[in-house]
There are 2 protein chains.
Amino acid sequence: MFDYKLLAALAAVIEQAGFERAAQVLGLSQSAVSQRIKLLEARVGQPVLVRATPPVPTEVGRQLLNHVQQVRLLERDVQRQVPALDEPGLPERLRIALNADSLATWWAQAVGPFSAEQQVLFDLVVEDQDVGLKRMQGGEVAACLCSSERPVAGARSLALGAMRYRALASPAFMARHFAGGFALQRLVRTPGIVFGPDDYLQHRYLASLGIEEGFLHHLCPSSEGFVRMLEAGMGWGLVPELQASEQLRSGALVEICADTPVDVPLYWHHWRNGGQLLTQLTEHLRRTASLWLVPW
Amino acid sequence: MFDYKLLAALAAVIEQAGFERAAQVLGLSQSAVSQRIKLLEARVGQPVLVRATPPVPTEVGRQLLNHVQQVRLLERDVQRQVPALDEPGLPERLRIALNADSLATWWAQAVGPFSAEQQVLFDLVVEDQDVGLKRMQGGEVAACLCSSERPVAGARSLALGAMRYRALASPAFMARHFAGGFALQRLVRTPGIVFGPDDYLQHRYLASLGIEEGFLHHLCPSSEGFVRMLEAGMGWGLVPELQASEQLRSGALVEICADTPVDVPLYWHHWRNGGQLLTQLTEHLRRTASLWLVPW
């Protein structure tokens, strides 16, 4: 069998984003962790990680991490049957990649009861879909919530529904830029807000209205900061309906062009052999997601 | 003088996080951008960036980026005096690194009027303080808002005040874990919520209460997700007072231990020769920050 002390060292260095914190978590000296990684590399015959800040797994390192992640989930099932093996009082951790807007809105409501009941702790990482699925492929996360449908090898994807977005701005912003009424031609000259270089939602919205050109925009990589910037009249942008329901009710934000929603599908990617806990979480999400998502 | 076509190509590749998007922004083919980078490297006599995803500047690349950023800010001042040089209708972009909690709370309210008046677009990047200051050193951002006081070479730091945090949880969470009243010994056994591996705020809070050991926790790298998880009863954690004022008023969240705030100072780091726009923004923040921050 593999030497899991070595594999656990690799997993800790990647998950803790450094040798120092990995050593803390493992209760070892930093040089002991370093030794284990070197020993692992000697066995494998090639590097398992790139010594950068943070350390990055090599291709073979990814395959090993993938394996560790799956073994951990399977161990949990055994621990249920053989409780003596279990470390008492230490809840399981589930590492999940998800999109920022889900985390900012419905995720906690959906998993809160499950987390308390199952005594599971979540290690959440916010990633756009391509990076999230790559992390899954690399075994760094057990599941990934994103808008891409195609599962990675060894995993399944489950359609949960769609998040509904609306293009919003503050009444002051509308008065400043569209005093004479909404006009598409003016929209590209007024500042928009974009989450980051990988966020094409605003572009898609404009395309759906027939505008293919670029537009002025702020970059704001924070779901809540995004809404704060809209409220402050700094621009227009697409926000999950779930996140702006109060502002829409109070009139603090208004749709820039009436009834032009954009729906973005969400798929739950999970390991096929991910163990019972992951299966239960998948079942839980399948049952409850429609409380927050619209049908897709 | 330097060849600024080449330097602009380097800046675009780093700022757009890739050759393809850099080419789009510059209105060039991807191979033309690639050529410019190679030419620059031939002149400098060494690589200016590491071809990773995303590309990363080398040490000499950082120095060049730093220079480009400063030249851009100085150009803006000249453009005011010599408007003919100015591209009409294209607002200036200001790239700023800041902490997630400021962006989630007071930042937009503070800079909203300034942004509209000065027609400036913000490229915001969310970073913990060490990375943010490194980006500043590297010339990738013009300013950095963080809790570290020491300015990088060529920059100044200005104390704006402090964000006040409170350790909060939902009433249901308190009832589940502290039915017999709050007890410090129990706190480390109940799940906390931590923003990410670099967030030591919860640890500091426990230390201030005399607890030095580790504690169970979820990881949630989203300011808004953090509050959602607290509301869902998944754990306890420190939240800016600004962000939870409504929940504290309605009783949706309560302090886990009465009147034990933690204040975190915020410093505004800005280039000494950063041009007039940056000076005006600095002046604006100096004047208004006390509306949201407590004295430090």
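On a predicted model such as this, the values are computed, not experimentally measured, just so you know. (Residues numbered from 1 in each chain as written. Chains lettered and ligands numbered in written order. Predicted model: local features only at pLDDT ≥ 70, side-chain atom pairs only at ≥ 80, totals over all residues. Heavy atoms only, no water.)

K.L.:
An account of the packing of aromatic side chains is requested, with residue identities and associated values reported.
P.N.:
Residue and element names in this part refer to chain A. Tallying each qualifying case throughout the model produces 14 aromatic pairs over all chains. When the centroid spacing of 5.9 Å and the interplanar angle of 75 degrees are considered together, the rings of Trp107 and Phe122 count as edge-to-face. One end of the pair, Trp107, is in helix H6 (residues 107–118); the other, Phe122, is in strand S4 (residues 120–126), and 15 residues separate them in sequence. Summarising the burial analysis for this pair, Trp107 and Phe122 share the class buried. Following the ring pairs from residue to residue traces out a cluster consisting of Trp106, Trp107, Phe122, Trp268 and Trp292. (Phe/Tyr/Trp six-rings, centres within 6.5 Å; stacked < 30°, edge-to-face > 60°. Helix = DSSP H or I, 4+ residues; strand = E, 2+ residues; numbered from the N terminus. Buried < 20%, exposed > 50% of the residue type's maximum accessible area, 1.4 Å probe, protein only.)

K.L.:
Which residues make up the relation of the copies chain B and chain A, and what values do they have?
P.N.:
It takes a turn of 180 degrees to lay chain B on chain A, together with a shift of 0.0 Å along the axis; the resulting RMSD is 0.0 Å. Viewed as a symmetry operation, the transformation between the two copies matches a two-fold axis. Distance from the rotation axis, computed per C-alpha, reaches its smallest value in chain B at B:Glu224: 3.0 Å. The overlap is high: 100% of the interface residues of chain B also sit at the interface in chain A, so the same surface is used on both sides. (Least-squares fit on C-alpha atoms with pLDDT ≥ 70 in both. Contact = heavy atoms within 4.5 Å.)

K.L.:
Residues and numbers for the packing of helix H2 (residues 19–26) of chain A against helix H3 (residues 30–44) of chain A, please.
P.N.:
Residues and elements named next belong to chain A. Contact geometry for H2 and H3: axes closest at 8 Å, N-to-C directions at 100 degrees. Taken as axis vectors, H2 and H3 run roughly perpendicular relative to one another. On H3, the residues touching Phe19, Glu20, Ala22, Ala23 and Leu26 of H2 are Gln30, Val33, Ser34 and Ile37. Of the residues in the contact of H2 with H3, the class split is six nonpolar, two polar and one charged. (Axes fitted to C-alpha atoms, helices over the stretch in contact; angles between N-to-C directions. Parallel < 35°, antiparallel > 145°, perpendicular 65-115°, else oblique. Nonpolar A, V, L, I, M, F, W, Y, C, P; charged D, E, K, R; others polar.)

K.L.:
Give me the lowdown on the interface of chain B and chain A, citing residues and values where you can.
P.N.:
In this assembly, 42 residues from chain B lie in contact with 42 residues from chain A. When chain B packs against chain A, the two sides together hide about 3,200 Å² of surface, and 61% of this comes from carbon and sulfur. For the pair chain B and chain A, the interface holds zero salt bridges. Taken together, chain B and chain A are joined by 10 residue pairs in polar contact (both at pLDDT 80 or more). Contributing elements (two or more residues each) for the side of chain B that touches chain A: helix H5 (100–104), helix H6 (107–118), strand S4 (120–126), strand S8 (217–219), helix H11 (223–231) and helix H12 (241–250) of chain B. (Buried area = accessible area lost by both parts, 1.4 Å probe. Salt bridge = Lys/Arg side-chain N within 4 Å of Asp/Glu carboxyl O. Polar contact = N/O pair within 3.5 Å; in protein donor to acceptor, adjacent residues only side chain to side chain.)

K.L.:
Any details on the environment of B:Ala11? Residues and values, ideally.
P.N.:
All names here are of chain B. Inspection of the secondary structure puts Ala11 in helix H1 (residues 4–15). Remark: the alpha-carbon pair of Ala11 and Gly139, spanning 128 residues in sequence, is separated by 9.4 Å. The contacts of Ala11, once residues within four sequence positions are left out, are Leu65, Val68 and Arg72.

K.L.:
How would you explain H2(A) if you had to name every residue and give the values?
P.N.:
All names here are of chain A. When we look at burial in H2, the residues that qualify are Phe19, Arg21, Ala22 and Ala23. For H2, the elements touching its buried residues are helix H1 (4–15), H3 and strand S1 (49–50). Of the residues trailing H2, Gly27 is marked for its positive phi of about 70 degrees.

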